[in-house]
Structure formats: structure tokens, C-alpha cells
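One-letter residues, chain by chain:
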Amino acid sequence: MTAPRRRGRAHEVRAALPWLVPTLILIVGVVLYPAVLMGWTATRKYNAYGVERGPAGWDNFVGPAGALTFPTVPIPQILINTVVWVVVVVAITVALSLLLAQFLNQKFRGRKLLRLVIILPWASSVVMTATVFNYGLQTDVGLFNRLLVDTGILEAAYGFTKNPTSAFWVAVFVAIYVSLPFTTYTILAGLQAVPEDILEAAHMDGANRFQRYTRIVLPMLRPALLVATLINIINVFNSLPILKILNETPGYNTGHTTTTLIFEYKAQLGPGVASALSLVNFAFCLVVIAIYLAAVQPTKEV
Amino acid sequence: MARFATTGLAVATVVALALTGCSGGAAPTASTGADGTLSATTIKILAPSYSESSKSDWQKIITEFKTKQPNVTVELQIEGWDDFSSKVQARIQAKDYPDILNDNAFAGAAEAGLLYPVNEVMSANTLASIEPALLKNGMGTDGKQWAAPDIASSRMLAYNTDLFAQAGIAKAPTTWSELAADAQKITALGGDIHGYGLPLGKEEAQVESSLWLWGAGGDWVQGNKLVANQPAAVEAFTEMKKLVDAGVTQPNAGATNRQQAADLFNNGKLGMMLSHSGLLKETRAKFPQTKFAVAPIPSKNGDPVAFGVTDFILAFNNGDANRKEATKQFLDLMYSDSMYQTWYAGTGLLPVTTSMIAKGKASDTDNAAFYDALSYVKFLPVGDPKWDALQKALQGTAGTITSDTPENVLAKIQAQVDAQG
């Protein structure tokens, strides 16, 4: 019995191959090859010009000029920043998106227009959005600063982007702003899948609004919420442009996350150390996701 | 991860292209190079954008070159200054070396053995046409001429004469204490006017801090080493910090780039800043209401200081005799008076050939002070391969004096340099 089936399986694979080849080439070329190359780069010594100068062992990780040990880099602060960055941005984004989605799911005049407006930050490029915020927050010509001063909220213009700590929190704000549309729409799609009749039945059984939301809507939203959160975690963790554009302080300041630190290293220490940190960064991201998955157990059925 | 993935692929593609490109028609010997006789080949130029006209300035030379050598294709890539080094880095990592690179550093590439000494890619006449004092700046610590300067510039003190008059200051400061007092008086005019522009952000920190170090009588070069943490540097950084603490500089000095300080100066909000001819050319053209003059840079004891910069032409070794010969022909043409005059004028900076310097001194009254300063300018140790590490450490860390002690800041800079061996 087994032999013919195996032959059939092999035949199937051969028949499917022509359709799989483009995907395989892409996976090998775009995912595997660069990943292997990065691993290789992380163990080689480079000068700042990017010219290879032989093997480096673990020097790019923990040597005198290693990613984790280069003097004057506030590594603990940067690790804390990274966790704060991911947790705060994702948590606030999801919370606000739940509210927004609930609101957009109501029937009211102008709903289509409002839905369109909410999608705008998603439709525009992140670099552009961050640059607009950066210009707006400049001390001499920035409109936001002008507004804050003219309305009396601030006494004098404040260099929000010129100080690593305030720049970090401005970046958190902008990151939430650009993450909202995607999350809201994912949740909205989930909301529309909640059947009206179940809600009505619950109403008949005497469940109040709050009970209906926590006992019926939220559990049914669980798959959509989990996907939205996971994608947000990965996106926010790897987000480079917002922090890079909004934090104008040079060097190893206290406004970095591990992702922006990679680019500081690339400029000062060359690709070897930068690759070493990207590997560490990747591992770090996996840990964050593992913690998330362990906490919410998405495979567990409701 | 995604970003790295795409970069990796791009690099791979470029490498593949470069390899196939090179294996093509490398003839064993190059032709002699008289008009129209060079064999078909391609040379690549990578250059920064000095001004809006940079691309067309290069294009003029290329067009002229094409009429002489129709078989040679010239590929020009122009990139902005602020991210130029990473563009160069990318080309080098992809092993797609430009035949001609216009940059402000050469020691790293020379040390890595990527370059031709310029006397192999420029005729003796062309080299002789360059002012010797400036040419020396392109010499490596090994005594070889790895780069040829293509433009020069010097930093001097630009000061707003209207603000000086309002504050009742008769003449430009020559010592640090005069500078601090003048900055105080100008800041006291009120409004959002600041006395002194101190751009310690990434773009200019290495220049500003070097000028203060020289003003204290020090130098980064100590024997055959580059030393950041030295008494004169502590003195210089203390003096800068004094200005910040007195509140007579623009706010956020540690995150201010040169252009941002220049914007303030152009709009009449800054009493003084260290500036160069290119920036002031823009002030003259676009902000005629801002009246200014230039003076030597003040120092601790009053001896004038000026900062000299030359940018360089580097020629990468692509192991192809045809490309090398075409590069030589191109560079000789570029430095010829007729071509070079429009090219350097487009940058807004100063020329490096003796004939153009003589001509500029006689006719360019706007920049007379800068031409005069060329006789006493000091240069950064760009020929030292270690300078790159010190420069980047200064760019990233010098600005922290706004919130840290000069001793700590210099110790941090020294630690970063030492860690890189």
C-alpha cells in the first residue's frame, strides 16, 4: 500500500514544483540569503569604510568595540526604552482602536467620510508623517510650538525633538498615530462579523450593554485582536524612521531603541558590529513575541 | 529585518552586476589617450551636492569630455552631503568602486588599499597646478599622495554688523573673553536674538570643537597619535560650555546642525557664528537685509585662528587599465582652467589651483577675507586613518557638554576612539 502512495506523493511534488519555484526563489533570495549573509557579516571585522579585514570571532558582540560593550553606550537604558516603546505604543494603540472601531461600527451620517479620514495616516508615508511632526515641533518655525505658545500652554517654544527623552515620547505619540488605522480596521472587520441576532438574544436574556460587550463582543473579537496585536508588536519593534527622524540628538543618547542603535553603529563602527546587533535585536524581538504568546495563548480556544 | 533583507538583496544584485561588468572587455594595455582614441569603457563618478547646480556643473565637464573621448561612457551619481558617507560605504561594500570619488576624507580608503595614488591618475602638469600647501593636505601619513584637493574653504567668524551696532560693540572680538562679553551684550538685546551660534550637532561638531581646541593652542595630533582627552581640549570645551551655561548661544546647542545655525544667522537672530564662504554666499544672495562682516576666529590669547578644509578627488583602483586611463584623461580635463573655473564657482567655495587662487584674490572681493585666511589656516588631520574614529566620536558626543562636564565628555570621546584600536 505504501509504495504506490509514495510514488503518488513524489509525482504530486514534481507536478507542483513549477508553481512553487518562484516562491522558493524569493524565500531563498530575499529571506535566507540575507539572513545568512548577516550572520556571516557579524563574525567578520570591518573598517568604518566597510572594507573587510578578516575574522572577528565574538568581537563584534562583546569585543572592545562590540555591539553590547562599546564604551559610553547606555545599553541598559536602551533595552528599557525598547520594551517601553513596544509595550506603550501597542497597548495604547489597541485600546484606542477598540474605541474607534466601536464608534465607526455605529450607523451615523457621514460615517463613510469619517472612515476615510481615519485611514489617512496609514495611507501617507511614515517618513513624511514623522518629518511633518518634526517641522511642526521646531522651536523657531514650528507651527505646533507656535500654537502651544500662543494658547499659553507653553511660556516659550520647547525643543521637543532636541532632547532625547522628550523626542522619545513625541515618537511614541507619532507611532500610535500611524498605527491606529490598521489596528482600527482589523478590529472593525472583526466587529462586523459579530452576528446581530446573538446580541439581540443576549439583550432579551437581560444582559446589559457592558455584559454584552465583555461576554460576547470581546471574545468574538479575540482572533482579530490577537492578529492586530502581534503584527503591531513586530512593526513597532522594527520601526526605524519615526524615532530616527524625531530624535535630533546625535550619538549614543538615551532616546534610542535597539533598532535605531543598529544604524548608529553602522555609521560609526561599520557593518560587522551593526549586523551583530541586528542578530541580538532579532533574538530580542523573538523573546518579546514569545512572552506575548505565552501570556495570551492564542491557540487556546475560547 | 525586512529592511536588512532588501538591502542584502540589493547588495547582492549590485555585486553580481559589478562582476559581470568587470569580466567584460578588460584589455591588457590602455591606449595612449589622445582625443578620441580611448577604447570603449565606462567610468563612474560619485560626488556630493555642494549646491543646486552641482549636477549640471559636473555635467558640463562630462559633455566636454565626451566630445574628446566619445567611446567613454561617464556615469554620474550625486548625493546630498548629510548622508554621503553611508552612500560611499554602500558602494564600497558592494565592491562597486567609483573611479572618481569627491569626498572629504581619504585615509580609510587609502589604508584599505583601494586607491590609486593620484600621481598615477593625474598628469604632472595637473598636479603642479594645485597650490602646494593645499595639495599637502591630501598626503597620507605614509607620505604618498592619495588624494588631490578639489575645493578649499575656510571657516571664519561671521558677525551681524547691525546687531553689533545696536549692542554698541565697535569691532569683532579677537579673544575668548571679548567673544563671551559681546555674545552677552547681543543676547541682552532681547527678543529671540542669541549672541553666538554653537552648532554641536552631528554635522559640525568636529569643526567647531577643533576650532576651540586650536584657539586654546592645542592640537589633536600629539606625536604620532590623535588624542582627544588633553588639557587644551578640556580648556576649549570648558569655554564652549561657559557660553551655553550663560545662555548666550542658541537653545539646544548639542542638537543644532550648521544649517540650522545659518538659518538663524540669515534671519538676523544670531550675532556671530563660525561660517564659510559657501554659506555666506547664500546669505548675500537670499537675505540681503542681513548685514554682516567676517573676521578671524577669536582665540584664548588673541592670535587669529582659521579652519581650512579641502575636499578631495579620490581615484579607486578597479583593476582595469582602460578605466584608469579614462579617469586620468577626465581629471586632467577637469582641472584645466576653463573647466575648473565654472566647476569650483558652482560650489560657492574657494579654488585650489594657483591660477584660480590668484584670479580669485584679484576679483572676488566678497571672499577676500577667506583668501587672506588661506595663508594661516590649519587643517584637520584627515590624512591619519584614526581621524575617522575621532571625527565620528566628536560628532556624536561633543554636544553632550550641554549636560555634562568637559572632562567626562572628553573621556567618553577618548574611550570611543580607544575602543576602536
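Residues numbered from 1 in each chain as written. Chains lettered and ligands numbered in written order. Predicted model: local features only at pLDDT ≥ 70, side-chain atom pairs only at ≥ 80, totals over all residues. Heavy atoms only, no water.

Participant: Requested: an account of the overall build of chain B, with residues and values cited.
Facilitator: Of regular secondary structure, chain B possesses 19 helices and 12 strands. Dimensions of chain B, computed from the C-alpha atoms along their principal axes, are close to 70 × 50 × 45 Å. Within chain B, the proportion of its 421 residues that are buried is 54%. Restricting to contacts in chain B with at least 6 residues of sequence separation, those with at least 24 account for 75%. When the accessible area of chain B is evaluated, it comes to approximately 16500 Å², of which 54% is carbon and sulfur surface. Distance from the positive charge centre (34 side chains) to the negative charge centre (43 side chains) of chain B: 2 Å. (Helix = DSSP H or I, 4+ residues; strand = E, 2+ residues; numbered from the N terminus. Buried < 20%, exposed > 50% of the residue type's maximum accessible area, 1.4 Å probe, protein only. Contact = heavy atoms within 4.5 Å. Areas by Shrake-Rupley, 256 points an atom, 1.4 Å probe, with all protein chains shown as cover. Lys, Arg positive; Asp, Glu negative; His and termini not counted. Charge placed at Lys NZ, Arg CZ, Asp CG, Glu CD.)

Participant: So, the pairing of strand β5 (residues 148–160) of chain B: which residues are in play, and what are the values?
Facilitator: All names here are of chain B. In terms of burial, β5 is a largely internal element, 13 of the 13 residues being buried. Taken together, the seven bridges between β5 and strand β11 (residues 307–316) define a ladder with antiparallel strand orientation. In the strand pairing of β11, S153 is matched with V309. Examined bridge by bridge, β5 and strand β9 (residues 270–275) share four bridges and lie antiparallel to one another. Looking at β9, one finds that M156 is bridged to S275. Both β5 and strand β10 (residues 292–295) contribute to a ladder of four bridges, which runs antiparallel. (Pairing = 2+ DSSP bridges.)

Participant: Help me get a handle on the interface of chain A and chain B, residues and values and all.
Facilitator: Counting residues at the interface gives 39 residues for chain A and 40 residues for chain B. Counting the surface chain A buries against chain B, the share from its top three residues, Y49(A), P250(A) and Q268(A), is 23%. Inspection of the region where chain A meets chain B yields zero salt bridges. Between the two partners, chain A and chain B, sit five residue pairs in polar contact (both at pLDDT 80 or more). Elements that contribute at least two residues to the side of chain A that touches chain B include exactly α1 (2–42), α11 (258–269) and α12 (271–296) of chain A. The element contributing the most residues to the side of chain A that touches chain B is α11(A), with seven residues. Classifying every residue of the side of chain A that touches chain B gives 20 nonpolar, 13 polar and six charged. (Buried area = accessible area lost by both parts, 1.4 Å probe. Salt bridge = Lys/Arg side-chain N within 4 Å of Asp/Glu carboxyl O. Polar contact = N/O pair within 3.5 Å; in protein donor to acceptor, adjacent residues only side chain to side chain. Nonpolar A, V, L, I, M, F, W, Y, C, P; charged D, E, K, R; others polar.)

Participant: Could you give an account of the UniProt feature "transmembrane region" (unreviewed entry) in chain A, with specific residues and numbers?
Facilitator: All names here are of chain A. The positions that UniProt labels "transmembrane region" (unreviewed entry) are, in the present scheme, residues 15–36, 78–101, 113–137, 168–195, 216–237 and 273–295. Between the first and last C-alpha atoms of residues 113–137 the distance is 29 Å; the span itself is 88% helix and 0% strand. With 100% helix and 0% strand, the stretch residues 216–237 has end C-alpha atoms that lie 31 Å from each other. (UniProt positions renumbered as here; feature names shortened; annotations may be inferred.)

Participant: So what's going on with the side chain of N318(B)? Residues and values would help.
Facilitator: Residues and elements named next belong to chain B. Checked against the element boundaries, N318 lands in the loop between β11 and α14 (321–334). Residue classification places N318 among the buried positions, given a relative accessible area of 16%. Within the local environment of N318, its side chain forms a polar contact with the side chain of D99, the two groups lying 3.1 Å apart. Those residues in contact with N318 that sit more than four places away from it in its chain are Y97, P98, D99, Y116 and R323.

Participant: Break down the packing of aromatic side chains for me, with residues and values.
Facilitator: Residue and element names in this part refer to chain B. Throughout the structure, instances matching the rule amount to 29 aromatic pairs over all chains. Here F265 and F292 contribute two aromatic rings whose centre-to-centre distance is 6.1 Å and whose plane-to-plane angle is 65°, an arrangement assigned as edge-to-face. Linking F265 in helix α12 (residues 258–266) with F292 in strand β10, this pair joins segments that are 27 residues apart in sequence. Comparing F265 with F292 shows no difference in burial state: the two are buried. Through a chain of ring-to-ring contacts, three or more aromatic side chains come together here, namely Y50, W58, F65, W81, F84, F330, Y335, Y340, W343 and Y344. (Phe/Tyr/Trp six-rings, centres within 6.5 Å; stacked < 30°, edge-to-face > 60°.)

Participant: Requested: an account of a nonpolar patch on the surface, with residues and values cited.
Facilitator: Residue and element names in this part refer to chain A. Taken together, the side chains of V13, L17, L20, V21, L24, I25, I27, V28, V31 and L32 define a hydrophobic patch exposed on the protein surface, amounting to about 840 Å² of accessible area. By the secondary structure assignment, L24 is in helix α1. On the basis of relative accessibility, which here comes to 44%, the residue L24 falls in the partly exposed class. (Patch = residues over 30% accessible without salt bridge, like charges linked within 9 Å, V, L, I, M, F, W, Y side chains within 5 Å.)

Participant: Just give me the short version of the UniProt feature "domain: ABC transmembrane type-1" (unreviewed entry) in chain A, but keep the residues and values in it.
Facilitator: Annotation from UniProt places "domain: ABC transmembrane type-1" (unreviewed entry) at residues 79–292 of chain A. Segment residues 79–292 of chain A splits into 77% helix and 0% strand. End C-alpha atoms: 17 Å apart.

Participant: Explain the packing of helix α5 (residues 126–136) of chain A against helix α6 (residues 143–150) of chain A to me, and be specific about the residues and the numbers.
Facilitator: Residue and element names in this part refer to chain A. The contact between α5 and α6 brings their axes to 5 Å, and the two run at 40°. In terms of orientation, α5 lies oblique with respect to α6. Counting all contacts with α5, which are made through V132, F133, Y135 and G136, the residues of α6 involved are L143, F144 and N145. Residue composition of the contact of α5 with α6, grouped by class: five nonpolar, two polar and no charged. (Axes fitted to C-alpha atoms, helices over the stretch in contact; angles between N-to-C directions. Parallel < 35°, antiparallel > 145°, perpendicular 65-115°, else oblique.)

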